[in-house]
Every structure is written in structure tokens, then in C-alpha cells.
Amino acid sequence: MSTPTRTPSGAPAQMTGAGGRVGDDAQRPDGVLKVRGEFAYSSDLWMDDMLWGVTLRSPHPHARIRSIDVGPALAVPGVQAVLTSDDVPGEKVYGLELADQPVLALDVVRYQGEPVALVAADHPDTARRAAARIVVDYDVREPVTDARAALGHPTWNQLHDAPAEVTELSRESANLHPHGNLVRHLKVRKGDPEPTADVVVVGEYEVGMQDQAFLGPESGLAVPGEDGGVDLYVATQWLHVDQRQICAALGLPPERVRLTLAGVGGAFGGREDLSMHVHACLLALHTGKPVKMSYNREESFFGHVHRHPATMRYEHGATRDGDLVYVKATIYFDGGAYASSTPAVVGNGGTMGIGPYVVPNVHVDCYGVYTNNPPCGAMRGFGSVQTAFAYESQMDALAAELGMDAVELRCRNALEQGSETPTGQVVDSPAPVVELLRRLEAMPLPPEVPTGDDVDLRDMPGGVSNTTHGEGVRRGVGYAVAYKNVAFSEGFDDHSTARVRLEVVGGEAVATVHTAAAEVGQGLVTVEQQIARTELGVDRVTVHPKDTAVGSAGSTSASRQTYVTGGAVKAACEAVRARVLEMARSVVGRPVADLRLDGGKVVSDLEGVALPLADVLGDTVVEETLEWRHRPTEAVDPETGQGFAHVQYAFSAHRAVVDVDTELGLVKVVEMACTQDVGRAINPQAVVGQIHGGTAQGLGLAVMEEILVRDGRVQNPSFTDYLIPTVLDMPPMRVEILEYADPHAPYGLRGVGEAPNISSGPAVLAAIRQATGLPLTRVPVRPEHLTGT
Amino acid sequence: MRLSCTVNGTPQQVDDVWEGESLLYVLRERMGLPGSKNACEQGECGSCTVYLDGLPVCACLVAAGQAQGREVGTVEGLTPAGAGSGELHPVQQAFLEAGAVQCGFCTPGLLVATDDLLTRSRAEGRKPADAEIREALAGNLCRCTGYEKILDAVRLAADRMAAGPTTEAAR
């Protein structure tokens, strides 16, 4: 009976939905499939005669490979192929910005989990057992695991500037790459290089390594084509950047490497880099059969990049009245073994590393560094999440030093429209930092800490573990505000492509939107429909499957798709509309300027005429394909960091209320409140969903989420040991959305997804600090940080 | 080995099952029912929650052989039998309307867990309080939503199921 389903042709189904224009709570076109269990995620794909591919990974964070013997694996019955770097026909290294990462290990492995060899077999367990029989002879080296040591920079002592011991490694072992261990050093220099101030606050901060922890594992299906090429169905964030890298590795032109987006089970940055993409294609081309790869959870922890851990030293100077005079910051991002997005992370951390404040004198050094730790790259809010913990902690410390209310201090120094950022950029759209904070303050607080006999344990830190009935529990309230650049910065040619078609189907005008923009759960497919309905005045809008048959949409990251692909869809719709109105002009007898499309009709308000769109179109198919760009940004000056680096900023603020069991160091977050300016909420329900989800990931980093790395080895690669918030960890959330239009953006919208991920964690940290009176300079906060044990 | 069991009310029989395979693997890879998701294979995330003889379990932790002769209910079985393409179980409908579905990978497991909770509380003639909903869903991880809209969806479904006819779809 075993005739399973799910061939790629059925995945992902074309999605047609009705109802919902810009500004409505439109429902997802893929929603019915998702709740029926019928949506084809990348791990659900299945074909007759397909093989399963698995990866053999290095157990060592740093080693030289003397030899690889694949013979024992090939001898396992059911095994069809075993491949190593020798079998990579094209470029043997790849990377998003810098090609420095081997498709399969060359002579050196630089992190634990680096792919070394591949196996394809008829059953996944056969492939796994065969991979375990590959014999790799490693010459194990000492790993470089400290970012500052990797640069030969002095290790800080807590709160002291004086160099302690300069770690001198021999140049041979110290340099993990031929170009050295420095990926990028960004300098921001503004104002007086030697400023002085009445009040000075110095702090050192550390942020642990966070994981995206998307639920859908890295997976996909590669199908060899009759033309010697390959079709890859895969969960990803940017089909075309994948295609570019896959083509290079396979030595094939783009027309022979065709990608289609399979259902994506979350991304959060973790799918920006390649994972199984090239591997599955290599196995498929080698065996001539479809090959499916799907990581299990442990492999997933080794199979994608993480959020950069950061160590940061900040010095804030202010007048006695609380005006910021200067900020000096030194920031180290540990990029791990390969570059990935580290240059962009450094860009964000450096240019926005002092927060949404006006500061006349700024001196920032931001470093991205190679080590033998797991590679780090994109994760929601990158570069800003880490620095926000530091700059918002500093603002609280400065307020305490000044004897000033922490929100007052923030409002006093807040960025606003017309302000100049540390990189010399004038903020040319609304920046309601003060209003975000004031609105939070005005929200009612939750009830006091419950006490007495009728305490519900479920309301207590520790919950039903019955660790307290309220004794030793202290309440704290904390605030934080943050900002983040939207879309790609620093002169990147950031564009998207949209193809929009309007035609009559079954007597009704139907629009089809075709982009390559990855839907990863955020709801871009809904937004694409809403825009087409709004611009073309039709109800039925089909979202074409996402693939490389249309031009690049750019990455689903940096909160950019609604802005950039939304802008492209809007522009393509406008082009289609212009042609349709031209067709209608002679029929209606009115100039185009008097006509509009609404309710499936061509409407002339002056004439009171409404002509069915289907009649105007007849058999004509109107199709337009457009590339759309936001206004250009520019590279920053290498010595000063000055320049128009960012096209738009997103602003959000959080208030966190926590109860801390100070005896056991257990934290319960009681409530989170968020205010965010979204410019224009294209889909308010989805916007709130983004704010909820971003808040949860920020809370997770503040109190529980960390990949523990010891001597370059990951200690907790599982959901048993790497904890993400459950429904018991998440409190009720209040959300207020502001809509101050950005005049430069389509519909005035702002990118939404990342900002709430940035401000939530620092607010939680501030609340815990207020509850305990402890300085708390590291996240995630652990029980032992609170109890001192 | 050969495995025989009932899935969503239909007798199923599959051959050549390797003894090391889980119920989840057999459902997904041998029976053509990939609705139950594989996200951790450790019983931590709840994405593979199915009914086994009417009780919710993580299908990844059930050896295929343990399902021999038993009744399995999956997310695919929640959809009312013979339903058209738009017809949904009240829990499915509520998740859609409330915005509780983003990437949707956790959704199948959450739907089964919610159906279990609401079927139990309905049998007791009541609607679950928030604290009870949170406890019931604590074994289902979601990375996208922060759970707020999932709670909205469960409350909405509870209201509707209290008002509407009994559904005994999956169990």
C-alpha cells in the first residue's frame, strides 16, 4: 500500500485567496493547507526511487585531515554514493560575502561539525550507519576560541582597560585563514576624539551565542535533470544567492540549476547560508536519482550559523543634567570559523551600536573575528541585538549614576526626525522614540506579586515545581528602546523583481503574482495578494510558487521583503494597471487619469461608469515584470564610518515586568509590553504576530537561550538542552502599533520583523536588574548570576 | 516487519518496516501522511503529536511496532470526513482566523494537543482557563508566534466548540 504523496510538482501548491486589501487582517493563502497538514514543507518532499543523503561531520573544532577512507562506507549494502571534496566539480569554497567555506572539508577543518563527506543510500539509517564507517585520519590542532585572542588583542579585566596578558599564538596556528583572523574592523569617528564629561559610566558586557531554532529542519530534494542540470526544492531565504553559490560549486550555468522554494518551517536568518543545498545536488548528479536530505535536530545545530556572541566595552559620558556628551565603544563579534554575514553584522553593530540617541562625540571600534567556534552569521536583528544589551544597560547605569529616571534620560537624548546619527546620516522620516517610551509608561501595570494562601503556583517563578509561594520573590520593571536598519545597507544594490499578470479565468479577472521572495512564515504571500488586490481592484490573486524562473527578490531578511518585494509588486501592478486603463480608455471614452480599477471593474467616477474588467481584458493577458529598488545607500568611510548607510530605520520599545525568586535565581516574566512604529501596517494581524514572535526570541536570549561552547565544542545541541520559550515562559503581551508614514517607502511602511527582537531582551534584563539590584552584564542571565553561587 | 494499525479510522498495513523506525517515520515516509512534523525526534517539541488509542503522544518516541493493532489519529484526521477544500475542524478554523499560524511547522501538533484539551474540557462541560491552556500546550514549541495568538485561537475554538455540535474527528 505504501504509495506516499508529496512530489515536488505538488509543492508548494499555487495559492489563491480572496479578500483583504492593504491595511486589512487578511488571512494567509497557505493557511488552509497548513492547518490541514497538507502544506508541503521541504522535509515532506518525496519521490519514487529517491535516495537519502547524510553528512559526515568533523568531531574536532580544528584539525588537519591526513586521509579519508570511504571504502568501508561504500561496502554497506544499499549505499549508492560516498563523496568528498574531490568530487566537487566546480569551486570548492563558497560563502555569502566572502568565499571562504569549503563545500566539503579540504585539508583543514575549522569547526566542530564541518561537513567532511556525503553518503546516499536507500534508507536514511543505512546512510547514517555507512557514514559512521568512513575513516578520517585527523591531525588534531589546538582551537582558537577567544575572539580577542584571535586578533592578538589583550584580554579585558572586568572594568579595567589595562592590558592583562597579550595572548601570543604562533602566527601559523593563530591564522585560521590566509588573510588572517580579522573579518572586518569598522571605525566610527564623530566629534571630539578626546571628549570629557561630568559623569562617566563604564561597563563591559557579554552576549551568548543564540540559535535561530526554527522548527523545520534544513532539508530539500534534489532531482537530476535530463539536461545534465538539477532541480532543487529547498527551504531557504534567498533562492538566487543560493543558486549563484550552487552553480559555482557544481560548475553549471544558472539555467541548469533551477531552484523552487519548498515549504519553510521558520528561518530567522538561519537559512541565509547554504546547508544541504550543494550536497544534495552533488549526490543527485552523481547517482542520477532524486536525493532527499533532512537534518535531525542535533545536526541542525551544526548545520547552520548562529547569532554572533559578543563582548563589548562601553564608556558613556554625560553632563550633570543628563545630556549625553560622548560614547566610546569597543565591540567584538565572534564570527567562528567562516565569514558568512559577519561583515554586515559588524556594519550594523558599528553604525548603530550606541542606540537611538543623539550623541555629539562618538568613537566606536567594531570587530568581526574568525575563531574555531561554530560559524556565526545572520539571525534576526543581527549586530543590533547584541549592542542593544550593552547600550541600554549603559543608559540604565548612567541614569542611576545621575539619580535620574531611566526613561527620562532616554527621552532627553532620544533620536528624532532631523537628528544626525553617529555616522552623519540625518534621519529623514519619523523617529518617535520619545512617544514609544511615553506610551509604554502610560500602560497599566499588571497586578502586584501575588501573596498569601491562595497563591497559584503557576504564577510563581519555578511554576508547579513548587519552589516558592512568594517568599523571596521580588518584582522588577524595565524599559528599553532600540532601532534597526531596514533592508540591505552600505551601498548594496538592494532590489526585487515582480511579475504580475492579469487575465480572465472562468469569466473573472484574476491576477497572478510571481516573485522569488521566500515566504518563511512571516506572511509575505499574504502581503503580495493584498497589494495586488489594492492596486488592481480584483479579488482573486494567485501567488505563483517561488522559484528562479523569475528574477531575484533579494533575501528574506533585514525586515526588507514587505518594503522591497512589496514595492516591486506594487510597481508591477501599476504597470499592468496603466496598460489595462489604456485598453479601457477608448471603450469608456474618458482619459486614463479619470479611470481606476475597483471591485473587478474599470470605474470612471466622473461618468459614473463601471465596466467589468473581464470585458475590457477579453482574451488579452496583460503581464509586466519589473525590477524595483529602494533609494540607494552608500558605503561608509573606512576611517570614520561616515556615510548614508541605511535606507530606513525601524523603532520599537519594550517594558518588561518580572518576578525573581532571589533565593533560587528563577525568573518569571509577568508581562511584556511593546510599542512599535511600523509606518503603515499592511496586515495588522501579521504585524502583531511579528512583534509577539520577536519579543519571545528576545526574551529567550535574556533568560534562557545559549549554545554553550567549550573549547570549540557545542555542549547542548538539542531541544532538551538548548531551551527556547514555551507557552509557560511567555507572558501576556500588550502591543501598540504606531503608523507614522515614511515618505520614502511604499505605502509609508516600515520593516517590522527585527526591531521587537532587539528591544525586548534588554527590557527583561533591566527588569531583573531592578528586581535584584545586581549589575548583570551578561545574557542570558543564569540562576547563578542572581544567587551568586 | 509488517505493521497493521488503524489510522484516522482507516485500516492500514505496511510491509518491510525496519524495527528501528518510529511511528512518525512510518506515518510520514511509508503511509503518505506527512502532516505530523519531525522537528526534534526527542519528544521535546510536540510537532509530531498524534493520538494513540485516543491519548496524545509524540509519534517520534513511539516505536512503529508499538502501534501494532492500535488506533492512530493524526492532523489529517482532524479535517471532517468528506470535507470540501475549505471546510475545517473548529480548532483548525480558529487557528487560521486568530493568526496563530505563521510558518505552521508546529501547527499540526498544536492542533491535536488543542483538540485533546478542548474535547476533555467539553466532556466536563466547561471551557479551559488560560493557565490550563498553557499547561496543556507546554509540550508544543512554537518559534514564530510567541504563543499569544495561539492562546487566542484556543479560546476562540473553545467558545465555538461549547456552542456547536460534538466533533470526534481524530480520536
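Residues numbered from 1 in each chain as written. Chains lettered and ligands numbered in written order. Predicted model: local features only at pLDDT ≥ 70, side-chain atom pairs only at ≥ 80, totals over all residues.

*Asks:* Quick question: what am I supposed to make of the overall build of chain B here?
*Replies:* Counting its regular elements, chain B contains five helices and five strands. Reading the secondary structure of chain B in the N-to-C direction produces β-β-α-β-β-β-α-α-α-α. If you line up chain B on its principal axes, its C-alpha atoms span 45 × 30 × 30 Å. The burial tally for chain B puts 58% of its 171 residues in the buried class. Long-range pairs, those at least 24 residues apart, make up 64% of the contacts in chain B between residues at least 6 apart in sequence. (Helix = DSSP H or I, 4+ residues; strand = E, 2+ residues; numbered from the N terminus. Buried ≥ 20, exposed ≤ 12 C-beta atoms within 10 Å, placed from the backbone. Contact = placed C-beta atoms within 7 Å.)

*Asks:* Looking at this structure, how should I read the sheet that holds strand β1 (residues 3–7) of chain B?
*Replies:* The strands making up a sheet associate through hydrogen bonds between their backbones, and the pairing can be parallel or antiparallel. All names here are of chain B. Read from one edge to the other, the open sheet built from five strands follows the order β2-β1-β5-β3-β4, with strand pairing classed as mixed. Edge positions in the open sheet fall to β2 (10–14) and β4 (55–58), since each of these has one partner strand only. Each neighbouring strand pair of the sheet contributes to a mean axis angle of 40°, computed without reference to strand direction. As paired elements, strand β3 (residues 49–52) and β4 share four bridges and run antiparallel to each other. If you follow Y51 over to β4, its bridge partner there is P56. Against the sheet, helix α3 (residues 107–123) makes contact with β3 and β4, and its axis sits at roughly 45° relative to β3, the strand it touches most. (Pairing = 2+ DSSP bridges. Axes fitted to C-alpha atoms, helices over the stretch in contact; angles between N-to-C directions.)

*Asks:* It is not clear to me how the environment of D396 of chain A should be interpreted in this structure. Could you clarify?
*Replies:* All names here are of chain A. Within the fold, D396 resides in helix α10 (residues 384–402). Taking the C-alpha atoms as reference points, D396 and Y479, 83 residues apart in sequence, are found 9.0 Å from one another. The contacts of D396, once residues within four sequence positions are left out, are A406, A766 and R769.

*Asks:* So what exactly am I meant to see when it comes to helix α3 (residues 124–131) of chain A here?
*Replies:* An α-helical segment advances 3.6 residues per turn. Residues three or four places apart therefore align on the same side. T126, A127, A130 and A131 of chain A are the residues of α3 of chain A that are buried. Each buried residue of α3 of chain A lies within a common arc of 130° when the element is viewed along its axis, so the set occupies one face. (Arc of directions from axis to C-beta.)

*Asks:* Could you clarify how one ought to interpret the nonpolar core in this entry?
*Replies:* Soluble globular proteins: nonpolar side chains tend toward being buried together. Residue and element names in this part refer to chain A. One finds A117, V119, C281, L283, V658 and V764 to be the most contacted residues of the largest nonpolar core, which totals 300 residues. Tallying contributions element by element places helix α14 (residues 561–588) first for this core, with twelve residues. Each residue touching L283, except ones within four places of it in the same chain, is listed here: L51, G53, A81, L83, L118, A120, A222 and V291. (Core = buried A, V, L, I, M, F, W, Y, C linked by C-beta atoms within 7 Å.)

*Asks:* Before we go on, may I ask you to explain helix α1 (residues 23–30) of chain B in this structure?
*Replies:* Residues and elements named next belong to chain B. In terms of residue burial, α1 counts as a mostly covered element, since eight of its eight residues are buried. All of the buried residues in α1 are L23, L24, Y25, V26, L27, R28, E29 and R30. Elements in contact with the buried residues of α1: β1 and β2. A positive phi of about 70° marks G32, the residue just after α1.

*Asks:* Can you help me understand the interface of chain B and chain A in this one?
*Replies:* Many analyses report the size of an interface as the accessible area lost when the parts associate. Facing 50 residues of chain B, the contacting portion of chain A comprises 53 residues. Counting residues per element, the ones that place at least two in the side of chain B that touches chain A are β2, α1, α2 (90–98), α3, α4 (130–136) and α5 (148–163) of chain B. Of the residues contributing to the side of chain B that touches chain A, the split by class is 23 nonpolar, 18 polar and nine charged. (Nonpolar A, V, L, I, M, F, W, Y, C, P; charged D, E, K, R; others polar.)

*Asks:* I would appreciate a short explanation of the pairing of strand β27 (residues 609–612) of chain A in the present structure.
*Replies:* Where a strand is regular, its side chains alternate between the two sheet faces. All names here are of chain A. Note that strand β26 (residues 601–604) and β27 share four bridges and pair antiparallel. When the bridges of β27 are listed, K601 appears paired with P612. Connecting β26 to the next strand, β27, in antiparallel fashion are four residues, including G608 with a positive phi near 70°.

*Asks:* Is there a simple way to explain the sheet that holds β27 of chain A in this structure?
*Replies:* All names here are of chain A. The sheet built from three strands is open, its strands ordered β25-β26-β27 with antiparallel pairing. In the strand order of this sheet, the two ends are held by β25 (595–598) and β27, each with one partner. Averaged over all pairs of adjacent strands, the angle between strand axes in this sheet comes to 25°, irrespective of strand direction. Strands β25, β26 and β27 of the sheet are contacted by α14, whose axis makes an angle of about 115° with β25.

*Asks:* Explain the pairing of β25 of chain A to me, please; I cannot follow it from the model alone.
*Replies:* All names here are of chain A. The side-chain alternation of β25 yields one buried face, formed by L595 and L597, and one unburied face, formed by R596 and D598. As paired strands, β25 and β26 are joined by four bridges and run antiparallel to one another. Bridge pairing links D598 to K601 in β26. Turn length for the β25-β26 hairpin, with the two strands adjacent in sequence and antiparallel, is two residues, and the turn residue G599 shows positive phi of about 60°.

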